[in-house]
Amino acid sequence: MLKSLAIVPYNFIRKRYNYNALLTRLIYMDYMSMRGLTKAEEGIRKNWVQVFRKSPYSSRYLVNVNLDILSYWHFVALKEPYFKKAKKGLLLDSEIKAGSIYSLNRRGLYKIYLVETMLLPRYRDTNAIKMLDNSFFDAVYDFASNGIYFTEVLSNAFTPDGKKMDMKRGMKLVAKHILNGSMYHMDFGDFLLKNAYQRTDVLKLYSRHIKQKTKETSSYI
């Protein structure tokens, strides 16, 4: 079944989905997969359209040969006030708008919030999750290759499966969410060592970056 599937960035599917169509599909899938999800927790399509348009490369999509979206993941690089609020469990996804995130098109250090990893039920006991994980580190590699590095990672585990996933990743519980879910956090370097130890390409880029920063700091001492 998975042989006919692929994970792609948005530019591969933009002819099939403009941003409005894309978010209509993703929001529908979210409500399908998470019982009890509310509008305050999900957010509205208008805001998410602007978020995805501003940062189009921080998501990936599992698709079939017809480019039907079957699963996806998405993260955003929150600006500092919003990241701090999210880490305390006080930020609603409905508050995430274009003005609260970075576009990730400039070199620098960023803190990321894992908004969603969504698999339709029939793909949850397959290798699709491994495909999604690999594609996440592909994206991390692409960003790092362009001088864009991540320093912290945060997630709201909304479901029991989400909590298990974050704990398996080595992330630590830092707060209960004000509405629903639990906030898990980790230093991104530790996150890579725990979850991407086989991705020597990613680790080399981050190691090189750390060494360069250490060298720059030493030069001022």
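Preceding this section is the structure that the text describes.
Thresholds, definitions, all that
Residues numbered from 1 in each chain as written. Predicted model: local features only at pLDDT ≥ 70, side-chain atom pairs only at ≥ 80, totals over all residues. Heavy atoms only, no water. Helix = DSSP H or I, 4+ residues; strand = E, 2+ residues; numbered from the N terminus. Rg over C-alpha atoms; globule rule 2.2 N^0.38 Å. Buried < 20%, exposed > 50% of the residue type's maximum accessible area, 1.4 Å probe, protein only. Contact = heavy atoms within 4.5 Å. Polar contact = N/O pair within 3.5 Å; in protein donor to acceptor, adjacent residues only side chain to side chain. Axes fitted to C-alpha atoms, helices over the stretch in contact; angles between N-to-C directions. Parallel < 35°, antiparallel > 145°, perpendicular 65-115°, else oblique. Left-handed = near helix turned anticlockwise from the far one by under 90°. Nonpolar A, V, L, I, M, F, W, Y, C, P; charged D, E, K, R; others polar. Phe/Tyr/Trp six-rings, centres within 6.5 Å; stacked < 30°, edge-to-face > 60°. Lys NZ or Arg CZ within 6 Å of the ring centre and 35° of its normal.

*Asks:* What should I look at first to understand the overall build of the protein in this one?
*Replies:* Regarding its fold elements, the protein presents eight helices and eight strands. For 221 residues, the compact-globule estimate of 2.2 N^0.38 gives 17 Å, and the C-alpha radius of gyration of the protein, at 17 Å, lies within 12% of that figure. Across its three principal axes, the protein shows a C-alpha extent of roughly 55 × 40 × 30 Å. Scored against the burial criterion, the 221 residues of the protein give a buried share of 49%. Here the contacts in the protein between residues at least 6 apart in sequence split such that 72% fall between residues at least 24 apart.

*Asks:* Would you mind going over unusual backbone geometry with me for this structure?
*Replies:* Glycine aside, residues mostly have negative phi angles, and peptide bonds mostly take the trans form. The phi dihedral of Leu-67 falls on the positive side, at around 65°, and the residue is not glycine. Judged by relative accessible area, Leu-67 falls into the partly exposed class, the value being 28%. Even without being glycine, Leu-104 reaches a positive phi, approximately 60°.

*Asks:* In this structure, what is going on with the side chain of Asn-64? I would like to understand it.
*Replies:* Tracing the chain through its elements places Asn-64 in the loop between strand S2 (59–63) and strand S3 (69–78). For Asn-64, a relative accessible area of 19% corresponds to the buried category. Side-chain polar atoms of Asn-64 contact the backbone nitrogen of Asp-68, separated by 2.9 Å.

*Asks:* Help me out: how do you make sense of the packing of helix H5 (residues 128–145) against helix H7 (residues 188–195) in this one?
*Replies:* Two packed helices can be described by the angle between their axes and the distance between those axes. Their axes nearest at 13 Å, the elements H5 and H7 cross at an angle of 135°. Looking at the two axes, H5 sits oblique to H7. Where H5 crosses over H7, the two elements pack in a sense that is left-handed. Between H5 and H7, the residues in contact are Phe-136, Phe-137 and Val-140 and Phe-188, Phe-191, Leu-192 and Asn-195, respectively. Per-class residue counts for the contact of H5 with H7 are six nonpolar, one polar and no charged.

*Asks:* Looking at this model, I keep getting lost on the environment of His-74. Mind explaining?
*Replies:* When you line up the elements, His-74 lands in strand S3. Through-space distance from the C-alpha of His-74 to that of Lys-3 is 23 Å; in sequence the pair is 71 residues apart. Once residues lying within four places of it in the same chain are set aside, the contact partners of His-74 are Trp-48, Val-51, Phe-52, Ser-58, Ser-59, Tyr-113, Leu-114, Val-115 and Glu-116.

*Asks:* Whenever I open this one, the packing of helix H1 (residues 19–33) against helix H3 (residues 45–54) confuses me. Can you help?
*Replies:* Between H1 and H3, whose axes approach to 9 Å, the crossing angle comes to 115°. Crossing angle aside, the handedness with which H1 passes H3 is right-handed. Of the residues in H3, those in contact with Tyr-19, Asn-20, Leu-22, Leu-23, Thr-24, Leu-26 and Ile-27 of H1 are Arg-45, Trp-48, Val-49, Phe-52 and Arg-53. For the contact of H1 with H3, the residue count by class is eight nonpolar, two polar and two charged.

*Asks:* Whenever I open this one, the packing of aromatic side chains confuses me. Can you help?
*Replies:* Aromatic ring pairs are reported here in terms of the distance separating the ring centres and the angle at which the planes meet. Counted according to the given criterion, the structure contains 17 aromatic pairs. Measuring from centroid to centroid gives 4.9 Å for Tyr-149 and Tyr-206, while their planes differ by 80°, and the two rings are edge-to-face. Linking Tyr-149 in strand S6 (residues 148–157) with Tyr-206 in helix H8 (residues 200–218), this pair joins segments that are 57 residues apart in sequence. Across the pair, exposure class does not vary: Tyr-149 and Tyr-206 are buried alike. Grouping aromatic residues by their ring pairs yields a cluster made of Trp-73, Phe-75, Phe-136, Phe-137, Phe-143, Tyr-149, Phe-150, Phe-188, Phe-191 and Tyr-206. The ring of Tyr-102 has Lys-79 lying over it, and the distance from NZ or CZ to the ring centre is 5.8 Å.

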